[in-house]
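# Coordinate analysis (summary)
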Amino acid sequence: MNIKKAIDTKKIKLKNIDPNSNNKSSITLTIIDGEESAFGKIFTFYKEHILIGRNRYSDIFIDDEKTSKDHCEIKIIKDDENKIDRIIIKDLFSTNGTYVNEKPISNKTLKSGDKIKIGETTLRFSYNDELEEKYHSKLFNIATSDSLTKLYNKRYIISELENQYKIAKRNNRIFSLIMFDIDNFKKVNDKYGHIAGDEFLKNVSSYITMNLREQDIAGRFGGEEFLIILPETEIEGATILADRIREKIEKSKIVYRGHKVKATISAGISQFNISYNNIEELLEITDKALYKAKKLGKNKVIKAN
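Residues numbered from 1 in each chain as written. Predicted model: local features only at pLDDT ≥ 70, side-chain atom pairs only at ≥ 80, totals over all residues. Heavy atoms only, no water.

## As for the nonpolar core
- Judged by nonpolar contacts, the single largest core of 32 residues is most densely connected at Ile178, Phe180, Ile182, Phe200, Ile208 and Ile228.
- At the level of secondary structure, the elements contributing two or more residues to this core comprise strand S13 (175-182), helix H3 (185-192), helix H4 (194-210), strand S15 (225-231), helix H5 (235-251), strand S16 (254-256) and strand S18 (265-271).
- What isoleucine 178 contacts, discounting residues up to four positions off in sequence, is Phe226, Leu227, Ile228, Leu230, Ala238, Leu241, Ala242, Ala267, Gly268 and Ile269. (Core = buried A, V, L, I, M, F, W, Y, C linked by side-chain atoms within 4.5 Å. Buried < 20%, exposed > 50% of the residue type's maximum accessible area, 1.4 Å probe, protein only. Helix = DSSP H or I, 4+ residues; strand = E, 2+ residues; numbered from the N terminus. Contact = heavy atoms within 4.5 Å.)

Structure below.
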């Protein structure tokens with residue numbers, strides 16, 4: 001999943017189901033109940049064996065306390081001509097069981113439209129044609145992305161931060177945060193107009209996107225404020241990344257109606273600590289580092305104490 005910008009579908013890609021074939025249908029799982037922020041998320045199969053669970057390295061990761069780490073698996077069974085014969089789901093001795101259409105199963109052949117419940121999360125199994133897949137993808141995109149920058153919106157980035165916090169707290173893992181905003185952005189709007197300001201925001205989002213890894217999560221947190229979540233990253237690595245983005249934006253410009261529009265950013269950096277009670281505490285610490293960067297003259301990156 002490309003998580004540095006709003007997503008369309010998560011593609012589980014491997015082995016000998018060819019995504020470039022002329023077959024315009026696909027096999028998908030769509031989240032239809034559970035975490036509100038995940039509604040409509042689509043997982044498209046390009047693999048013959050899918051592991052679902054609360055293990056971060058599962059093919060389909062479900063952050064649900066009632067889901068086992070290795071909860072269930074789905075297998076594509078082929079015939080002698082290498083065509084799909086059937087698709088089966090198997091419970092992997094999960095704590096709370098796997099349900100298909102509200103009935104507990106140990107091993108079952110799936111049909112299009114079946115509803116799979118694991119923990120508090122329900123997924124719909126289906127064979128989708130290309131148009132239907134694009135339709136659901138667009139709905140999810142609209143619900144989770146910021147319309148201007150195409151990064152995640154505030155609601156979704158906060159939900160992802162809560163997920164990362166739970167994972168880190170439960171498994172003693174680390175992650176870091178970058179919070180930054182554009183220095184003197186009001187002056188850009190006042191001098192060049194809001195259209196120029198919007199264009200500059202889009203320019204900033206492009207520099208964020210091009211500098212992130214596949215697993216990083218970036219969103220627009222406010223008017224000219226952005227938040228980046230960096231899983232499995234210590235504060236030193238986050239600081240290097242933030243400074244790289246800061247330098248690129250400092251050197252960049254957009255041309256609007258013959259005017260060169262330039263601005264800088266300031267950033268605060270923090271790292272998850274097991275002692276934090278909630279994400280609000282982590283955000284407050286990060287925001288204080290950002291405020292310090294502003295106070296020290298702007299165009300700076302400051303680590304939280």
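## Quick notes on the packing of H3 against H4
- Put simply, H3 and H4 touch, their axes get as near as 6 Å, and they point 135° apart. Judged by the angle between their axes, H3 and H4 are oblique. Seen from H3, the contacting residues are Phe185, Val188, Asn189 and Tyr192; seen from H4, they are His194, Ala196, Gly197, Phe200 and Leu201.
- Classifying every residue of the contact of H3 with H4 by side-chain character gives six nonpolar, three polar and no charged. (Axes fitted to C-alpha atoms, helices over the stretch in contact; angles between N-to-C directions. Parallel < 35°, antiparallel > 145°, perpendicular 65-115°, else oblique. Nonpolar A, V, L, I, M, F, W, Y, C, P; charged D, E, K, R; others polar.)

## Looking at the packing of H4 against H5
- Where H4 contacts H5, the axes come no closer than 10 Å and their chain directions differ by 140°. As the angle between them shows, H4 and H5 are arranged oblique. Classified by chirality, the crossing of H5 by H4 is right-handed. Residues Phe200, Val204, Tyr207 and Ile208 of H4 lie in contact with H5, whose contacting residues are Ile245, Lys248 and Ile249.
- Its residues assigned to classes, the contact of H4 with H5 shows six nonpolar, no polar and one charged. (Left-handed = near helix turned anticlockwise from the far one by under 90°.)

## A short note on the packing of aromatic side chains
- Tallied over the full model, the rule gives four aromatic pairs.
- With a centroid separation of 5.6 Å and an interplanar angle of 85°, the aromatic rings of tyrosine 165 and phenylalanine 272 are classed as edge-to-face. You can see tyrosine 165 sitting in helix H2 (residues 154-171) and its partner phenylalanine 272 sitting in the loop between S18 and helix H6 (279-295), a full 107 residues away along the chain. Assigned by exposure class, tyrosine 165 and phenylalanine 272 land together as buried.
- Note on phenylalanine 175 and phenylalanine 272: the rings are 5.5 Å apart at their centroids and 20° apart in plane angle, and the pair reads as stacked. Of this pair, phenylalanine 175 sits in strand S13 while phenylalanine 272 is found in the loop between S18 and H6, placing the two residues 97 residues apart along the sequence. When sorted by exposure, phenylalanine 175 lands in the same class as phenylalanine 272, which is buried.
- Aromatic ring contacts, followed pair by pair, group Tyr165, Phe175 and Phe272 into a single cluster. (Phe/Tyr/Trp six-rings, centres within 6.5 Å; stacked < 30°, edge-to-face > 60°.)

## What to know about the side chain of aspartate 114
- Along the chain, aspartate 114 turns up in the loop between strand S10 (107-109) and strand S11 (115-118).
- From its side chain, aspartate 114 meets the backbone nitrogen of lysine 111 in a polar contact 2.7 Å long.
- Contacts of aspartate 114, omitting those with residues within four sequence positions, involve Val100, Asn101, Thr109, Leu123, Arg124 and Phe125. (Polar contact = N/O pair within 3.5 Å; in protein donor to acceptor, adjacent residues only side chain to side chain.)

## Observations concerning the pattern of salt bridges
- Under the criterion given, the structure shown has 20 salt bridges.
- Here aspartate 146 and arginine 220 are joined by a salt bridge, their closest N and O atoms 3.3 Å apart. Of the two residues, aspartate 146 is situated in the loop between helix H1 (130-144) and H2 and arginine 220 in strand S14 (residues 217-220); the sequence distance between them amounts to 74 residues. Each member of the pair aspartate 146 and arginine 220 is classed as buried.
- Of the charged contacts in the structure, one is a salt bridge between arginine 246 and aspartate 243, with a shortest N-O distance of 2.8 Å. Of this pair, arginine 246 and aspartate 243 both sit in helix H5, three residues apart, which is roughly one turn of the helix.
- We classify aspartate 243 as partly exposed; its relative accessible area is 26%.
- Several salt bridges converge on common partners, so that one network encompasses Asp243, Arg246, Glu247 and Glu250. (Salt bridge = Lys/Arg side-chain N within 4 Å of Asp/Glu carboxyl O.)

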